[in-house]
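Fold and geometry: a report
Chain by chain, the residues run as shown.
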Amino acid sequence: RASRIPSSPRLRVPGERASLASIAESQPSPPAPAPAVPTAAPAANPNASLLDNAEQAENTLLTLLGKDTDSLISYRGGPAKELVAYAHRWLKLVGEEFRDEVTEGLLKRPRGIECTISVLGPVKDSSRGAQWLTVKIKENKSEDEEAAPDPTAMHMLWLSAEFGVVFYISGYQPDRRGDKFRAITFDAEALRHGRAVPPRDLPRVKARCVEIASASTTLQRVHALCSIGKLDPVLAAALTSPEAAPAAAHSPWAPLDEKSLLPSVQKQLSRLNPGQRAALCGLDGAVTVVQGPPGTGKSSFITAACLSRVPAGSRILACTATNKAIDSLVAKLEAAGLTQMLCVGSRRAMGEASCRYLMSSVLARDGFVAAAETAIEQHSANVRRIEAELRELPVPDAALLKAGGGKSGGGGGGEADARLMA
């Protein structure tokens, strides 16, 4: 994931505090209490996702906006305090990123998906003052083959600038009279200044809204961190104490031989700073964790790793938390000469570089596909020509048709049938 990742002592570089290979200031060890395992916030089904539990999603969102992320996971019952400390650091970063996204959406008022919201009334027994809504998504007339056919309102934050209200839609309930959505509301001005408080009044008429942020990815990351006790022991060791993890018999990474690389790749490597180069040389295990705060060159490091350390013939799966990050990575790989790529996502949400490698764009440039489409078009033209010629043929004599339509097996019907066949 090309995102901020907690550090790995194996990639420590003395004196490199802001580089990709550096690690944050040493985290103080948790107090000496009894060994513990992480426990997620109480839920009816501990294996259910936050996205499937409206009330828990609302509570988690409010916790993230309120900056109290440590309360999302606690120490209870088993020997995994290192994992809890790791999760606490990550949850703090996830919360910061989400609050930044919401604030940016409120300040810049982006032109995202639009909808119309009507407030129906309060949700019974809701501890957060949730409301029932009707939501009408504005149809997007632009063609987007890669996008979902029906945009969803779930787990999005919608701003009504006219009424100064932000809706977070957390649940959905089908109804024969019209589907209903569950949401909690915030005062937009207060939220812009970091305070998650309900608005004084709710709209009494239909409110035109625009999407300012999505909480889906954030809630999925929180759910994963709160379930960190289920992590595979090898991955857990690589994340928390890589020096104690068993060394791989054979490194899955190709050796770094700069002299054998293409000039374009050598040029890419020459731009790395000492921290990035140390991280590149330090790739040796099946799982390697590299930390890079914003602006430290994660995309440049990943590009260099793909071009110089991944064995020839291998396939690479690169995942990022934002479309902006994947577009930056694609642009750098393309500039270095790598063009065998495929991007997955919505055309309307992805950047210019990523759109060039969407499935529809790749197929449009493929010579074999273009030849097949030409052949299909020629075949269709031939079929249309033949159908037109058939329509122009003279209609058979009506009397002849009538004679041929009699009962078979007697009289002169056979002769008439023979003339008709001829």
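Remember, predicted model here, so these are calculated numbers, not experimental data. (Residues numbered from 1 in each chain as written. Predicted model: local features only at pLDDT ≥ 70, side-chain atom pairs only at ≥ 80, totals over all residues. Heavy atoms only, no water.)

1. Points about the nonpolar core
One finds Leu-157, Val-166, Tyr-168 and Phe-186 to be the most contacted residues of the largest nonpolar core, which totals 41 residues. Ranked by residues supplied to this core, first place goes to helix 2 (residues 81-108) with 9 residues. In this view, Leu-157 contacts Phe-98, Val-102, Val-166, Phe-167, Tyr-168, Val-210, Glu-211, Ile-212, Ala-213 and Ala-215; residues no more than four positions away in its chain are not counted. Among the nonpolar cores identified, the runner-up in size contains 17 residues, and Val-135, Phe-167, Ile-169 and Phe-181 belong to it. (Core = buried A, V, L, I, M, F, W, Y, C linked by side-chain atoms within 4.5 Å. Buried < 20%, exposed > 50% of the residue type's maximum accessible area, 1.4 Å probe, protein only. Helix = DSSP H or I, 4+ residues; strand = E, 2+ residues; numbered from the N terminus. Contact = heavy atoms within 4.5 Å.)

2. So, the sheet that holds strand 8 (residues 207-214)
Spatial ordering of the closed barrel is given by 3-4-7-6-5-8, a layout of 6 strands whose pairing is antiparallel. Neighbour-to-neighbour, the strand axes of the sheet open up by a mean angle of 45°, direction not taken into account. Pairing geometry for strand 6 (residues 165-173) and strand 7 (residues 180-187), over 8 bridges, is antiparallel. Note on strand 7: the bridge partner recorded for Gln-173 is Lys-180. The sheet contacts of helix 1 (residues 54-65) involve strand 6 and strand 7, and relative to strand 7 the element is tilted by about 20°. (Pairing = 2+ DSSP bridges. Axes fitted to C-alpha atoms, helices over the stretch in contact; angles between N-to-C directions.)

3. Structural notes on a nonpolar patch on the surface
Nonpolar side chains collect at one region of the surface, where Leu-342, Val-344, Met-359 and Leu-363 lie side by side and expose about 400 Å² of accessible area between them. Inspection of the secondary structure assignment puts Met-359 in helix 11 (residues 359-365). (Patch = residues over 30% accessible without salt bridge, like charges linked within 9 Å, V, L, I, M, F, W, Y side chains within 5 Å. Areas by Shrake-Rupley, 256 points an atom, 1.4 Å probe, with all protein chains shown as cover. Salt bridge = Lys/Arg side-chain N within 4 Å of Asp/Glu carboxyl O.)

4. Details of the packing of helix 1 against helix 2
As a packed pair, helix 1 and helix 2 sit with axes 9 Å apart at the nearest point and diverge in direction by 85°. By the angle class used here, helix 1 and helix 2 are roughly perpendicular. Taken together, the residues of helix 2 that come into contact with helix 1 (itself represented by Leu-61, Leu-64 and Leu-65) are Gly-95, Phe-98 and Arg-99. The residue makeup of the contact of helix 1 with helix 2, split by class, is 4 nonpolar, 1 polar and 1 charged. (Parallel < 35°, antiparallel > 145°, perpendicular 65-115°, else oblique. Nonpolar A, V, L, I, M, F, W, Y, C, P; charged D, E, K, R; others polar.)

5. Details of the side chain of Arg-192
By secondary structure assignment, the location of Arg-192 is in helix 3 (residues 188-192). Judged by relative accessible area, which is 18%, Arg-192 ranks as buried. Separated by 2.3 Å, the side chains of Arg-192 and Glu-189 make a polar contact. (Polar contact = N/O pair within 3.5 Å; in protein donor to acceptor, adjacent residues only side chain to side chain.)

6. Quick word on the packing of aromatic side chains
One pass over the structure, following the stated rule, counts 1 aromatic pair. A ring pair is formed by Tyr-172 and Phe-181, whose centres lie 5.2 Å apart and whose planes are at 55°; its orientation type is tilted. Residue class for Tyr-172 comes out partly exposed when judged on its relative accessible area of 43%. Note on Phe-181: relative accessible area 11%, which makes it buried. Its guanidinium or amino end placed over the ring of Trp-132, Lys-180 lies 4.6 Å from that ring's centre, counting from NZ or CZ. (Phe/Tyr/Trp six-rings, centres within 6.5 Å; stacked < 30°, edge-to-face > 60°. Lys NZ or Arg CZ within 6 Å of the ring centre and 35° of its normal.)

7. What to know about the pairing of strand 7
Buried residues dominate strand 7, accounting for 7 of its 8 residues. Inspection of the sheet shows strand 4 (residues 131-137) paired to strand 7 by 3 bridges, in the antiparallel sense. When the sheet's bridge partners are listed, Trp-132 is paired in strand 7 with Arg-182.

8. Structural notes on the pattern of salt bridges
Scanning the entire structure with this criterion turns up 9 salt bridges. Ionic pairing is found between Arg-221 and Glu-97, a salt bridge with its closest N-O pair at 3.1 Å. Of this pair, Arg-221 sits in helix 4 (residues 216-226) while Glu-97 sits in helix 2, placing them 124 residues apart in sequence. The exposure class assigned to Arg-221 is buried, which follows from its relative accessible area of 11%. A single network of salt bridges, built from pairs that share partners, joins Glu-334, Glu-352 and Arg-356.

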